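An overview of the molecular structure
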Amino acid sequence: MSFQWDKKDIPHKGWFLVNVIDIRENGESISETDYQKCMMCNNEKIRYVHIVEHPNYPETLNVGCICAEKMTNDYVNPKKQEKLLRNKAQRLNNWLKKNWKISAKGNIYLKFKDNFITIITDTNSKKYKCCVNNVWGNKLFNTIDEAKIAAFKGVEYFKENNR
Ligand SMILES: [Zn+2]
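Quick look at the structure, then. What you see is a predicted model; the values in this text were computed from it and never measured.

A word on the nonpolar core
Leu92, Ile117, Ile119, Tyr128, Cys130, Val132, Ala147, Ile149, Ala150, Ala151, Phe152 and Val155 form the largest nonpolar core, which has 12 residues in total. Of all elements in the fold, only β6 (115-121), β7 (128-132) and α3 (144-160) reach the threshold of two or more residues within this core. Tallying contributions element by element places α3 first for this core, with 6 residues. Those residues in contact with Ile117 that sit more than four places away from it in its chain are Tyr109, Leu110, Phe112, Cys130, Cys131, Val132 and Ala151. Counting residues in each nonpolar core, the second largest holds 10 residues, with Cys38, Met39, Cys67 and Met71 among its members.

Structure (structure tokens):
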């Protein structure tokens, strides 16, 4: 049990938000998700983990949105970053449900806005490889969905970098 808000040796204010991560960013189902616990208030089942650091504290802490707001005294950015991740998770959800087609050669492909995604089966390993906008990834995936998720990340990367 660690209700850190009651402890004096952990600073309550003056924290900085380092990052917010979605622990289900790869489209994991609810049952296979290992939810985190807020290290500050012990609130369970945190999906969007806010990582905070403090100049006078040796470790970063993983906390929920509400604690992150209190600790950073910032009531805008923790929520805003969590919202961006929620939107991204929704986009991934939609992405997997898009109308993926199968070419004459048996490859899976999708044309989405300016992006063209192809997923092929690697002849040797029988695993899947994906290509986003003519860039082939090196990684091999066990399932088609894993390859689609990797392609989604590729497309998001192109978008973020305006390519
Ligand atoms: Zn908390």
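Read on for the rest.
Here's the deal with the pairing of β7
Burial of β7 is one-sided: the residues Tyr128, Cys130 and Val132 facing one way are buried, the residues Lys129 and Cys131 facing the other way are not. Across 5 bridges, β6 lies against β7 in antiparallel orientation. Across the sheet, Ile117 pairs through a bridge with Val132, a residue of β7. In sequence, β6 turns back onto β7 through a hairpin of 6 residues, with Lys126 there showing a positive phi of about 65 degrees. Relative to strand β8 (residues 135-136), β7 is paired through 2 bridges, and the arrangement is antiparallel. Paired with Val132 across the two strands is Val135, which belongs to β8.

Points about the sheet that holds strand β5 (residues 108-112)
Spatially, 5 strands are ordered β4-β5-β6-β7-β8 in an open sheet, and the strand pairing comes out antiparallel. Lying at the two open borders of the sheet, with one neighbouring strand each, are β4 (101-102) and β8. As defined by bridge partners, β4 adjoins β5 across 2 bridges and the pair is classed as antiparallel. Across the sheet, Ile102 pairs through a bridge with Ile108, a residue of β5. Most of the contacts of α3 go to β7, to which it runs at about 20 degrees, and overall it touches β5, β6 and β7.

Comments concerning the packing of helix α2 (residues 77-96) against α3
Where α2 contacts α3, the axes come no closer than 10 Å and their chain directions differ by 130 degrees. Judged by the angle between their axes, α2 and α3 are oblique. Pair α2 / α3 crosses with right-handed handedness. Contact residues: α2 offers Leu92, Trp95 and Leu96, while α3 offers Asp145, Lys148, Ile149 and Phe152. Grouping the amino acids of the contact of α2 with α3 by side-chain chemistry returns 5 nonpolar, no polar and 2 charged.

Digging into the packing of helix α1 (residues 65-72) against α2
Taken N-terminus to C-terminus, the directions of α1 and α2 make an angle of 145 degrees; their axes are 8 Å apart at the nearest point. Residues Cys65, Ala68, Glu69 and Thr72 of α1 form the contact with α2, whose participating residues are Pro78, Lys79 and Glu82.

Some points on the sheet that holds strand β3 (residues 57-63)
Here 3 strands make up an open sheet; going across it, the order is β1-β2-β3 and the pairing antiparallel. Because the sheet does not close on itself, it has two edges, and the strands there are β1 (16-22) and β3. Neighbouring strand axes in the sheet, compared pairwise and without regard to direction, differ in orientation by 20 degrees on average. In the sheet, strand β2 (residues 48-54) pairs with β3 via 4 bridges, with the strands oriented antiparallel. Note that in β3 the partner of Ile51 across the bridge is Asn62.

About the cut-offs
Residues numbered from 1 in each chain as written. Predicted model: local features only at pLDDT ≥ 70, side-chain atom pairs only at ≥ 80, totals over all residues. Core = buried A, V, L, I, M, F, W, Y, C linked by C-beta atoms within 7 Å. Buried ≥ 20, exposed ≤ 12 C-beta atoms within 10 Å, placed from the backbone. Helix = DSSP H or I, 4+ residues; strand = E, 2+ residues; numbered from the N terminus. Contact = placed C-beta atoms within 7 Å. Pairing = 2+ DSSP bridges. Axes fitted to C-alpha atoms, helices over the stretch in contact; angles between N-to-C directions. Parallel < 35°, antiparallel > 145°, perpendicular 65-115°, else oblique. Left-handed = near helix turned anticlockwise from the far one by under 90°. Nonpolar A, V, L, I, M, F, W, Y, C, P; charged D, E, K, R; others polar.

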